[in-house]
Amino acid sequence: MSVSAVAADRSVCAPLPVLGRDVRVPLVTGGEVDYAALDYAASAPALQRVWDDVAAYAPYYGSVHRGAGYLSQLSTDLFENSRRTIAEFLGCGAEDQVVFTRSTTDSLNLLAAVLPQDTRVFVFETEHHASLLPWEQRADVAVTYLNAPRTPQQAVDTLEKALAEREPYGPALVCVTGASNVTGELWPVRDLAAAAHAHGARIVLDAAQLAPHHPVHIAELDVDWVAFSGHKLYAPFGAGVLAGRADWLQDAAPYLAGGGASRKVSRRTDGGVDVEWHTTAARHEAGSPNVIGAYAIASACQALTEAGFEGLVAREQELITRVREGLAEVPEVNVLSLFGEDAARVGVLSFVVEGWNSSHFAAALSAEYGIGVRDGLFCAHPLVRTLLGSEPQEPGECGAPDSAPGERSLNAIRVSFGAGTPEEHVERFLRAVKELVTDGARWNYRTEGGRCVPAV
C-alpha cells in the first residue's frame, strides 16, 4: 500500500486511541489546554485497547501456576497464551524462549547474567545505558566499546574489524539498538547480524525504541535475542521481554532463585538441598509473575498487528517529515544526528536551540503550551556528549545540569511520538518552538531540585 493510499484510508491513518488524550493541564499564563504527550520514547501512553483488556480481566485475576481454582487456571492460561502471542509477534522459532522480565534493562541484565564464562561483548558507545552497562557486572566477561559510527556502513565495518581482531576466539556477543532513543535513527540490524554471525558471534537487539514503530521479526532480522519493554509499547504495568535462543538460558544458573524457577527440591543426607531447575522460560521467572504486565504486552502486540504496521509506519513518517520541516524553518534549532539528514528514523528527534539551555526550553514548552517533552542526556550520555561536542550551552542558566570540573554543561531536548499522536499536538509543538525562539518565554523560571520550573 502506498503512502497516498494510506492517507486516503482514515481508519488506518487516524491515531490509535490512547489513555490521556483528553487530559487537561493548567498553563502558567492562565487557562487549560489538552495535554500534548510528546515523550513517547520514555513511556508511551497506554492504548485504550490494552486498558480495556486488562480491566476486563482484572476481576478474574488469580495466582499463576500455583492453584487448582478456576481463577488460577484462567490466569495461568492467560499468562501462557500471552507468551505465545508475543512469540508470534516477534516471529520466534519453535525452539526459542520468551522470558518475562521487568523491562528492557532487566532483560539485558538477565542476558548478561547467563553469558558463558570468558564471553567477549561488543557494544557501540551510542547505546542506551540499558544495553551499554550490564556487561561489566560480570568479572569474567570482557567488554569492547566501539566508537560512534557516522554512517550505517561504518557501523558494520567497525564491528567486523573488532570481531576479526578478537583474541582469544571464544564466545562473543554483539549488542545493538534497533532505533536510537536519542536521534530515532534506524541501525543496520540485519547487516550487523550478518557480520556477527560471520565471525562466530551472537547478537542481541535492543528493540525498546524499534518495536513500537516497526515490525520486529527475529528470523528476518537474523538476531539471536530481542529485548524490549511494555511501557514503550503502549502497555503499562512494568513488564518486559527477552526472547530468542534457549541454549545459554538453559545452561546458566537461574537469574533469581526461588519458587517457580525450581522444578524439584529435596534435602540431602548431609543437610543441604538438591535443586532441579526448570529448563523452560520459567527457569528465569522465579516468584509470582506479573501476569497483568504480560497480558498488557500481548494485548498491545495484538492491537498493533491488527491496526497494520504498514499504515502506522506511513502515518508516522508523515509526522516525522512535518516535524523535521517545521524545525528546519527555525535557524536557531539544530537537530542531532549520527547518520545525516537522509537517515531512516522513527518518531524520535533530539535538538538544541541556540541561546537556550535545553531544560529551560523544555520547561517553557510544558508550562506555557501544555507540551510534554524530555530534556537531558536521555540515559545515553556518551552518545549525547558526542553529538553535542561542539554545541554551546549557556552555563548556569535555569535547570542547567551539573557538569564535572572542566566540562561544560550539556543537555538536549527530545520530542517523540507514535501511533497515538494527533496531528494537532505536532502542530502545537512546532508553533511553540517558533514563538519561544522569536519572542522568548512569557514567564520567569528558576532552578529547583536540579529542574527548571516556573517561578511563583
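The following paragraphs examine the structure supplied in this document. (Residues numbered from 1 in each chain as written. Predicted model: local features only at pLDDT ≥ 70, side-chain atom pairs only at ≥ 80, totals over all residues. Heavy atoms only, no water.)

### Description of the pattern of salt bridges
Line of reasoning, step 1. Going through the model one piece at a time under the given rule, you end up with 24 salt bridges.
Line of reasoning, step 2. The closest approach of N and O atoms between Arg24 and Asp34, which form a salt bridge, is 3.1 Å. Of the two residues, Arg24 is situated in strand 1 (residues 24–26) and Asp34 in strand 2 (residues 32–34); the sequence distance between them amounts to 10 residues.
Line of reasoning, step 3. Among the ionic pairs, Asp270 bridges to Arg268, the shortest N-O distance being 3.1 Å.
Line of reasoning, step 4. Assessed through its relative accessible area of 34%, Arg268 is described here as partly exposed.
Line of reasoning, step 5. One salt-bridge network, held together by shared partners, links Arg202, Asp224, Arg245 and Asp247. (Salt bridge = Lys/Arg side-chain N within 4 Å of Asp/Glu carboxyl O. Helix = DSSP H or I, 4+ residues; strand = E, 2+ residues; numbered from the N terminus. Buried < 20%, exposed > 50% of the residue type's maximum accessible area, 1.4 Å probe, protein only.)

### Some remarks on the sheet that holds strand 7 (residues 172–177)
Line of reasoning, step 1. If you walk across this open sheet you meet the 7 strands as 4-10-9-8-7-5-6, and the pairing is mixed. Only two strands of the sheet have a single neighbouring strand rather than two, namely strand 4 (97–101) and strand 6 (142–146). For this sheet, the mean angle separating the axes of adjacent strands, direction not counted, is 20 degrees.
Line of reasoning, step 2. Pairing of strand 4 with strand 10 (residues 240–244) involves 5 bridges; the strand directions are antiparallel. Its bridge partner lying in strand 10, Val99 is registered against Leu242.
Line of reasoning, step 3. Against the sheet, helix 8 (residues 189–198) makes contact with strand 5 (120–124), strand 7 and strand 8 (202–206), and its axis sits at roughly 155 degrees relative to strand 8, the strand it touches most. (Pairing = 2+ DSSP bridges. Axes fitted to C-alpha atoms, helices over the stretch in contact; angles between N-to-C directions. Contact = heavy atoms within 4.5 Å.)

### A short note on the sheet that holds strand 17 (residues 412–416)
Across a sheet, strands are paired by hydrogen bonds formed along the backbone, either parallel or antiparallel in direction.
Line of reasoning, step 1. Read from one edge to the other, the open sheet built from 4 strands follows the order 13-14-17-16, with strand pairing classed as antiparallel. In this open sheet, the two edge strands, each paired with only one partner strand, are strand 13 (333–335) and strand 16 (374–376). Across the sheet, the axes of successive neighbouring strands diverge by a mean angle of 30 degrees, strand direction being ignored.
Line of reasoning, step 2. In terms of strand pairing, strand 14 (residues 348–353) meets strand 17 through 4 bridges, oriented antiparallel. Pairing of Leu349 across the sheet is with Val415, part of strand 17.

### Description of the packing of aromatic side chains
Line of reasoning, step 1. A full pass over the atoms with the stated rule returns 12 aromatic pairs.
Line of reasoning, step 2. Ring centres 6.0 Å apart and planes at 75 degrees place the aromatic pair Tyr40 and Tyr234 in the edge-to-face group. A residue pair is termed long-range when its members are at least 10 positions apart, and Tyr40 in the loop between strand 3 (36–37) and helix 3 (48–57) and Tyr234 in the loop between strand 9 (225–229) and strand 10 qualify at 194 residues. Tyr234 carries the same exposure label as Tyr40, and that label is buried. (Phe/Tyr/Trp six-rings, centres within 6.5 Å; stacked < 30°, edge-to-face > 60°.)

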